[in-house]
Amino acid sequence: MAADHTHSAPSAPPRVRRILVMTVVPLFVATVVAAALLWPRGESPQTDGGADVPRYSGTVTRVVSEPCPPTPSVPEGTPRVGDGRCGTVDVRVDDGPTAGKQVQTPVPDGPGAPRVEVGDEVILVELADPTDPTTSNWNIAEHQRGTPMVWLALVFAAAIVAFGRWRGLAALAGLAASFAILLTFVLPGIGAGRSPLLVAVVGAALIMFVVLYLTHGVSAQTSVAVLGTLGSLVLTGVLATIATAATHLTGFGSEEATTLSMFQGDVDLHGLLLAGIIIGSLGVLDDVTVTQAATVTELANANPGLTRLQLYRAATRVGRAHIASTVNTIVLAYAGASLPLLLLLTADARPIGQILTSEFLAQEIVRSAVATLGLIAAVPLTTGLAAVVTAAGRTDAPPSTGAPSPRPQPDRAEALAALSSPRTTGSDEPDRTRTTPPSEATDRWPESNRSTDTAW
């Protein structure tokens, strides 16, 4: 799984490998120890979400639409809330204690209500009648999306493996590991009352170690990317703490956060905001750090004569181009996730200054700015580490013994003159077109079909 789309980088010398091992291994051990100490052990968050309503799968067998009766309290000509769909839907229950039973539900109506047709797979909820507990009412909650999502996941995995082969398979394994850490450590740890910032930093570091080494293999190049990512994550956390404190953000900048505070009052929403910034930055940071480490390695392989400073400058130019496109990616990603909020703010009649400094929008601005600053810092940090490691590896490499000396470059004008002059054969006159002894010519031109043009 350590194969790359480029040729494999030469192994680092023993001294460089020892330095990287002495740096990376203690950091990994500290991350594992911190995760073990913060790991929630059978602790479940206390929520006041009420009783869980039974949900069952069903298939629509019949839809009967009818005009909605007039509402006396609403003046004639006033549009209804929703799209005014009335009637009944017959649904066959597919699981649960009443599997196979035909139930009747009203046609879903109201904002966001699903539109159902015969053959649709839906989710049913059974609600007990408060006036008569022995009877129950059935309603359609939403469509059943399991089957199309499974097919989409299979197409997604097949495309990645078909294009990336072993590297794509390793990427899928890294993605599964990331979700496993998030679902088993980060989210339960925050829900159990742990510090969201501390849990996010440890969880992000654990994801980084697992994903980078699993996807890119155990090498000096990957270790440089790990160190660059970890340093950038710490810097991002510090910047996020300073920025949220300076702007007095409370974490109540979204409807989801407000709803969460009602169900779990012990969750630190300010720390949750910081945790979201760190987790969101990790996905872009590892892309930049891996790219910079690989760039330095490829430059050193292409031109072994480059010095440490030349490697740094050349790779930094690549990093600038990468950052210029990634910054736009971060802002657009946050904007796309917050389109309803942005659309709501555009309809606000307040001055633009008040809108930009409101809790809702200021939170997104701080999130984007901090993530970008951490991303920018990752380029010189990772590039510098990669240049030092690569240059040290080239310097520490033992001199080769018995290796063939580089082939001398032929004189182009001399070679062209020799080829253009006619060769005399079968006469006593010596060949004046030959400018070098036969033995030297054999040494200089070992291949008969070699081109005399210089390679560009």
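In this text the structure is predicted, and so the values were computed from the model without any measurement.

Rules used in this analysis
Residues numbered from 1 in each chain as written. Predicted model: local features only at pLDDT ≥ 70, side-chain atom pairs only at ≥ 80, totals over all residues. Heavy atoms only, no water. Pairing = 2+ DSSP bridges. Helix = DSSP H or I, 4+ residues; strand = E, 2+ residues; numbered from the N terminus. Axes fitted to C-alpha atoms, helices over the stretch in contact; angles between N-to-C directions. Buried < 20%, exposed > 50% of the residue type's maximum accessible area, 1.4 Å probe, protein only. Polar contact = N/O pair within 3.5 Å; in protein donor to acceptor, adjacent residues only side chain to side chain. Contact = heavy atoms within 4.5 Å. Salt bridge = Lys/Arg side-chain N within 4 Å of Asp/Glu carboxyl O. Phe/Tyr/Trp six-rings, centres within 6.5 Å; stacked < 30°, edge-to-face > 60°. pLDDT = per-residue confidence, 0-100.

Describing the sheet that holds strand β1 (residues 55–66)
Strands belonging to one sheet form pairs held by backbone hydrogen bonds; the direction of such a pair is parallel or antiparallel.
No. 1: Taken in spatial order, the five strands of this open sheet run β3-β2-β1-β4-β5, and their pairing is antiparallel. On the outer flanks of this sheet lie β3 (102–106) and β5 (136–143), each paired with one strand and no other. Strand-to-strand twist across the sheet, computed as the mean angle between neighbouring axes with direction ignored, equals 45°.

A closer look at the side chain of T236
No. 1: Here T236 lies in helix α4 (residues 220–246).
No. 2: We classify T236 as buried; its relative accessible area is 0%.
No. 3: From its side chain, T236 meets the backbone oxygen of S232 in a polar contact 2.8 Å long.
No. 4: Excluding anything up to four places from it in sequence, T236 contacts I277, S281, L285, V370 and G374.

A short note on the pattern of salt bridges
No. 1: A complete count under the given rule lists five salt bridges for this structure.
No. 2: Salt-bridge contacts for R92 lead to D94; the nearest nitrogen and oxygen are separated by 3.4 Å.
No. 3: D94 gets classed as partly exposed once you look at its relative accessible area, which sits at 37%.
No. 4: Measuring nitrogen to oxygen at the nearest pair gives 3.5 Å for the salt bridge that ties E364 to R367. Taken together, the positions of E364 and R367, both in helix α10 (residues 359–396) and three residues apart, correspond to about one turn of that helix.
No. 5: Taking the relative accessible area as the measure of exposure, E364 reaches 15% and is therefore buried.
No. 6: On the accessibility criterion, R367 (13% relative accessible area) is buried.
No. 7: Through salt bridges with shared partners, one network takes in R55, E142 and R145.

Focus: the packing of aromatic side chains
No. 1: The full count for this structure, using the stated rule, is three aromatic pairs.
No. 2: When the centroid spacing of 5.3 Å and the interplanar angle of 75° are considered together, the rings of F28 and F209 count as edge-to-face. Remark: F209 occurs in helix α3 (residues 196–216) and F28 occurs in helix α1 (residues 14–38); sequence separation between them is 181 residues.
No. 3: Accessibility expressed as a relative area gives 3% for F209, which makes it buried.

Quick word on the confidence of the model for the protein
No. 1: Looking at the protein, pLDDT values average 79 and 78% of them are 70 or higher.
No. 2: Note on residues 1–7: pLDDT under 50 across the span, and 13 contacts to partners over four residues away in sequence or across chains.

Considering the pairing of strand β4 (residues 121–128)
Consecutive side chains of a regular strand alternate in pointing toward one face of the sheet and then the other.
No. 1: Pairing of β1 with β4 involves five bridges; the strand directions are antiparallel. What sits directly across from T59, in β4, is E121.
No. 2: In the sheet, β4 pairs with β5 via seven bridges, with the strands oriented antiparallel. When the sheet's bridge partners are listed, V122 is paired in β5 with H143.

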